[in-house]
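# Tertiary structure, described
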Amino acid sequence: MLPLIVFAVGLAYSNYRQDRSDATRRVLETVRSMRLVLDSEVQRMTGGLQVLALSDSLRSGDFDGFRQLAAGFISQYGEDSVLLLADRSGQQLFSTVTAETANLPLRNNREIVERVFASRTPQYSDLFVGSTKKRPIVTVEVPVLRNGEVVYALSFSPPIAIFQKLVEQQRSNDQWTVSLLDTKARVFARAPNPAETFGKQASGALYDAMSRTPEATLSTVSLDGVALSTAFARSRLTGWTVVAGVSESSLIAPLWRDIAITSLIGGVLLLTGLTFAVRMATTIARGEMLHDLLIEELNHRVKNTLALMQAIAVQTFRSASRDERTKFEGRLGALAEAHNLLSQEKWQGSELKEVIARALQPFLLASPERIRMAGPAVPLSPRLAVVLSMIVHEIATNAAKYGALSNETGRVTLDWEVIDDASKPRLRLIWTEIGGPPVTAPVRRGFGSRLIERSARDQLGGEATVDFLPRGVVCTISCTLDEAR
């Protein structure tokens, strides 16, 4: 009896060590995935602000005309969000909080204003108390240029609830602790106990590790005094850090449970032979935890793929130009938006109009009436949704640079129809531009054009044609529809 129990305990402990290693890896993959989700959300905010910064009313100082555009932007995020404009001294010139601009206060965070003017690039703040509503906020800041010079800093403070919701959605169960920290390691979103820990600094081993490396796994004690197996990953975009940990007790408890069950079964099955006892002990010890592991692996597979793409992008564009980085970030953002939509629908597919609206969102903010969409409801499979999102984003980017969306008078019509004259229905989507600058066919086809044509041909099994007509570009895409699942 004793040798069998010792053997079963040793087997359970070996399984525990393997499962603990798997859990540590799973925590690290979770924070990497969350970092991608966080960057995608912040990039969407940044892209919207950059579109606003290009508006004629803002660059000409027509703040009354700009107010309607600003109201449309913050309506996406709720009443707690604030959009404001400041000069280099930090003096506020415009705020969505009030139409009275004469007595607006100075910005409390003058340092980030200086960084915007000095770097001429988007900046992301740490947690600080805003001068308008007197409460802790984080901000996304972009420069407003006039004749190549920075004249204003456009600042957006999203509701902290957005980040809190992101944290709560990524928390697997009550045994997990998930936090978002600014560059000074202060908490601005957390689950559990967000109110009690808001604004507190990470303590002990976690703070020390964050000061040395952008990503690591380690054992820590949370602000609640709970021992955790922890991982963290810092965002290269914002400098903020995603931290997640699973309680040590939840990892040890299965060991004791497995030892007890294995010992009991080993005693009962001793008369039927050692071989059968070992098989049963292994099945019981591994079954439940292996099942949970597989389920969580499936839930994170898409996010892990995007995290890998982000790492590849960092390596690829380390020495690239700013224009190249902007292009790739836009394409990666479009891909992330398509995956966000599919995640909301639990990868059951999505509707064509929603996919197109997501891809065109940055271009619809300033002048939504310039892009007209019309067509029937078309359910898309996940594969078609991702590829069509990338294609529409690429066409719209070209239109914003060279075509109908590059001036004040151009318009775009996006029509689609389903053709049922074959064994499988086919989708035909037509992008038509009018009112833009004079059109001439390019001498050399760029990467964007090749991306559109090859994606339609190789990934959709269809075709894409681009006609450079005098009145404007016409792009036609056709493909066979999959069954949306």
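In this report, we go over the structure that sits alongside the text. Since the model is a prediction, treat every value here as computed from it, not as a measurement.

### So, the packing of helix α11 (residues 352-364) against helix α12 (residues 382-401)
- Where α11 contacts α12, the two axes come as close as 9 Å, and the packing angle between them is 35°. Read as a crossing pair, α11 and α12 show a hand that is right-handed. Residues Leu352, Val355, Ile356, Ala359, Leu360 and Phe363 of α11 form the contact with α12, whose own contacting residues are Ala385, Leu388, Ser389, Val392, His393, Ala396, Thr397 and Ala400.
- The residue inventory of the contact of α11 with α12, partitioned by class, reads 11 nonpolar, three polar and no charged.

### Digging into the packing of aromatic side chains
- For the structure shown, the criterion picks out nine aromatic pairs.
- Ring plane angle 50° and centroid distance 5.5 Å describe the contact between Phe73 and Tyr77, whose orientation is recorded as tilted. Taken as a pair, Phe73 and Tyr77 share a single burial class, namely buried.
- Look at Phe163 and Phe188: their rings are 5.5 Å apart centre to centre, the planes differ by 90°, and that puts the pair in the edge-to-face class. Linking Phe163 in helix α5 (residues 160-170) with Phe188 in strand β9 (residues 187-191), this pair joins segments that are 25 residues apart in sequence.

### Concerning the pairing of strand β2 (residues 92-95)
- As judged from the three bridges shared by strand β1 (residues 82-86) and β2, these two strands associate in the antiparallel manner. Directly across from Leu84, in β2, lies its bridge partner Ser95.
- Remark: five residues form the turn of the hairpin made by β1 and β2, two consecutive strands paired antiparallel; Gly90 in that turn has positive phi of roughly 90°.

### Observations regarding the pairing of strand β11 (residues 227-234)
- Burial runs high along β11: six of the eight residues are buried.
- Where strand β10 (residues 215-221) and β11 come together, seven bridges link them in antiparallel fashion. Bridge pairing in β11 links Thr217 to Ala231.
- Following β10, the chain reverses through five residues before pairing antiparallel with β11; Gly225 in that reversal takes a positive phi of roughly 85°.
- Where β11 and strand β12 (residues 241-247) come together, seven bridges link them in antiparallel fashion. Residue pairing for β12: Leu228 is matched across the bridge by Ser247.
- Between the antiparallel neighbours β11 and β12 lie six residues, among them Gly239 with a positive phi of about 85°.

### Here we look at the packing of α12 against helix α13 (residues 447-459)
- Interaxial distance between α12 and α13 falls to 9 Å at its minimum, and their mutual angle equals 160°. In terms of their interaxial angle, α12 and α13 are classed as roughly antiparallel. Taken as a pair, α12 and α13 cross one another with a handedness that is left-handed. Residues Arg383, Val387, Ile391, Glu394, Ile395 and Asn398 of α12 lie in contact with α13, whose contacting residues are Gly448, Leu451, Ile452, Ser455, Ala456 and Gln459.
- Its residues assigned to classes, the contact of α12 with α13 shows six nonpolar, four polar and two charged.

### Regarding the nonpolar core
- In terms of nonpolar packing, the biggest core is built from 49 residues, with Leu49, Phe66, Leu83, Leu154, Phe163 and Leu180 touching the most fellow members.
- Examining the composition of this core, we find that 12 residues originate from one element, helix α1 (residues 2-53), more than from any other.
- Sequence-distant contacts of Leu49, defined by excluding residues within four places in its chain, comprise Phe73, Leu83, Val140, Val142, Leu154 and Phe156.
- By size, the runner-up hydrophobic cluster in this structure holds 34 residues, among which are Ile371, Ile391, Leu414 and Ala456.

### Details of the side chain of Thr220
- Tracing the backbone shows Thr220 in strand β10.
- The class of Thr220 is buried, set by a relative accessible area of 9%.
- A polar contact of 2.7 Å, which involves the side chain of Thr220, links it to the side chain of Thr230.

### Thoughts on the pattern of salt bridges
- Counted under the stated rule, the structure contains 15 salt bridges.
- Where Arg35 meets Glu215, a salt bridge forms, and the shortest distance between an N and an O atom there is 3.6 Å. With Arg35 in helix α1 and Glu215 in strand β10, this pair connects stretches of sequence that are 180 residues apart.
- Among the residues examined, Glu215 registers a relative accessible area of 26% and is labelled partly exposed.
- The closest approach of N and O atoms between Arg186 and Asp182, which form a salt bridge, is 3.1 Å.

Cut-offs applied
- Residues numbered from 1 in each chain as written.
- Predicted model: local features only at pLDDT ≥ 70, side-chain atom pairs only at ≥ 80, totals over all residues.
- Heavy atoms only, no water.
- Axes fitted to C-alpha atoms, helices over the stretch in contact; angles between N-to-C directions.
- Helix = DSSP H or I, 4+ residues; strand = E, 2+ residues; numbered from the N terminus.
- Left-handed = near helix turned anticlockwise from the far one by under 90°.
- Contact = heavy atoms within 4.5 Å.
- Nonpolar A, V, L, I, M, F, W, Y, C, P; charged D, E, K, R; others polar.
- Phe/Tyr/Trp six-rings, centres within 6.5 Å; stacked < 30°, edge-to-face > 60°.
- Buried < 20%, exposed > 50% of the residue type's maximum accessible area, 1.4 Å probe, protein only.
- Pairing = 2+ DSSP bridges.
- Parallel < 35°, antiparallel > 145°, perpendicular 65-115°, else oblique.
- Core = buried A, V, L, I, M, F, W, Y, C linked by side-chain atoms within 4.5 Å.
- Polar contact = N/O pair within 3.5 Å; in protein donor to acceptor, adjacent residues only side chain to side chain.
- Salt bridge = Lys/Arg side-chain N within 4 Å of Asp/Glu carboxyl O.

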